[in-house]
Amino acid sequence: MAIRHQLAVYSPIPIGAPMHGVAAALRLAHDPRPALVEFLRTEFDASSVVLTGSGTQALQIAITSAVRRAGGEGTVALPAFSCFDVASAAIGANVSTALYDLDPSTLEPDLESLERVLSSGARIAVIAPLYGLPVDWAALESLAIRYGAMLIEDSAQGHGASWHGRPLGALGTTSTLSFGRGKGWTGGRGGAVLVRRGGSLDASTLPSARVGAEASSMVGLLAQWMLGRPAVYGIPHSIPALGLGETTYHPPVAPTDMPRSAAAAVIHAIHASREEAERRRENARWFLEHLPREERVRAIRPTSDATPGYLRLPVRIRGGLAAIRGTARALALGVAPSYPRTLSHLAPGLTGPERRWPGADELAADLLTLPTHSRLSAIEREEIVRVLDESLR
């Protein structure tokens, strides 16, 4: 039986990161969180930074804060196709929501759909670039200004990407980051809310991470470090009960502060995560040059004046995974389906005035992602292209 199973996405964890995390959790070293706050404030040009227990919690806080600034009223616009954690954050914030469609050829917000949602009363819009592909932020800001709306930039998947020279996470009035598993820059868990243009958030109201959270964070970080190897990952991946690689919905939880151990690991992974982003871009460029020149295969490319982070390479293949004859082999090589359902099917209560999201439906049916990380070998890259080519003949 083959044990090797390629990861769909990978975040580097230097060998010293778990050790620094343990030292911070046991208070054998200084609390690393103030240093991380200062680094994020400088790196992302923020006036205020709040560290949280997860990226989902960060988005929940950002939404709650935006609604409060809007006078406690107003609908929040969400992308109809996105990570399920976007729905979790909105549900946790307990706000009125409305979904807008995406352009399936770019993964960017469909401006006409978003404008219809804004014209119906939404005054806050969550913009969540997928897989490290920047969106045309100028067009979105122009639309938001027209309706007096606020944009929340959910940059959970944006590490290593930039738009007009500014890193994703530095574009919105409020932005959020995620340091969870598979986000490109990781501490095992954790997130951050970044506010700019003179805004601020009070971090003192967040409960501190409990002892159990520190222990869980350290165990998770060590597990992620060990499983970040295709030869090892195949063992737990073969156990269905673990659900590795599956897209699932997680109910919201009350936000907390980031564990000390996670903050220490995030700081220690800064350099490695930057190098990893370069490797992802190299692999993505190779795929874009070698993918089958076939109408049914459409790789999604970034907007102009953008540097993508390519957390994964999104590719539309008519029929999705079912169109690939060697499905098992493709999965073993790290090819993965994207989100299997739109947010309208995941949580019907989120929908709002729009009733159709054809772009989101198309993406749920057809979108696949190819691995771009440094654990991917040249032989595996070539085999992925060969599997796709043979399936589409």
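Predicted model, so just to flag it, every value in this text is computed and none were measured.

Student: Explanation requested: the sheet that holds strand β1 (residues 48-52) in the structure shown.
Tutor: Sheet strands line up and pair through hydrogen bonds in the backbone, either parallel or antiparallel. Pairing in this open sheet of seven strands is mixed, and the strands run β1-β9-β8-β5-β4-β2-β3 from one edge to the other. On the outer flanks of this sheet lie β1 and β3 (97-100), each paired with one strand and no other. Across this sheet, the average inter-strand angle for adjacent strands is 20°, counted without regard to direction. Alignment of strand β4 (residues 122-127) against strand β5 (residues 150-154), held across four bridges, turns out to be parallel.

Student: Explanation requested: the environment of G132 in the structure shown.
Tutor: The residue G132 is located in the loop between β4 and α6 (137-147) in this model. Taking relative accessible area as the criterion, G132 reaches 0% and is therefore assigned buried. Separated by 59 residues in sequence, G132 and E73 place their C-alpha atoms 31 Å apart. When neighbours within four sequence positions are excluded, G132 is seen to be in contact with Q157, G158, A161, P308, G309, Y310 and L311.

Student: Would you mind showing me how to read the packing of aromatic side chains here?
Tutor: Any aromatic ring pair is given by two values, namely how distant the centres are and how the planes are angled relative to each other. Counted according to the given criterion, the structure contains six aromatic pairs. Considering the side-chain rings of F179 and W185, the 5.1 Å spacing of their centres and the 80° angle between planes classify their relative orientation as edge-to-face. The burial state of F179 is the same as that of W185; both residues are buried. Among the aromatic residues, those joined into a ring-pair cluster are F81, F84, Y131 and Y339. Stacked on the ring of W225, the Lys or Arg R229 has its end atom at 4.7 Å from the ring centre.

Student: Sorry if this is basic, but what is going on with the nonpolar core here?
Tutor: Core analysis: the largest hydrophobic core is formed by 87 residues, its most contacted members being I63, F287 and L370. Counting residues per element, this core draws most heavily on helix α3 (residues 55-69), which supplies seven residues. Counting residues in hydrophobic clusters, the runner-up holds 19 residues, among them F44, A46, V49 and A263.

How each quantity is defined
- Residues numbered from 1 in each chain as written.
- Predicted model: local features only at pLDDT ≥ 70, side-chain atom pairs only at ≥ 80, totals over all residues.
- Heavy atoms only, no water.
- Pairing = 2+ DSSP bridges.
- Helix = DSSP H or I, 4+ residues; strand = E, 2+ residues; numbered from the N terminus.
- Axes fitted to C-alpha atoms, helices over the stretch in contact; angles between N-to-C directions.
- Buried < 20%, exposed > 50% of the residue type's maximum accessible area, 1.4 Å probe, protein only.
- Contact = heavy atoms within 4.5 Å.
- Phe/Tyr/Trp six-rings, centres within 6.5 Å; stacked < 30°, edge-to-face > 60°.
- Lys NZ or Arg CZ within 6 Å of the ring centre and 35° of its normal.
- Core = buried A, V, L, I, M, F, W, Y, C linked by side-chain atoms within 4.5 Å.

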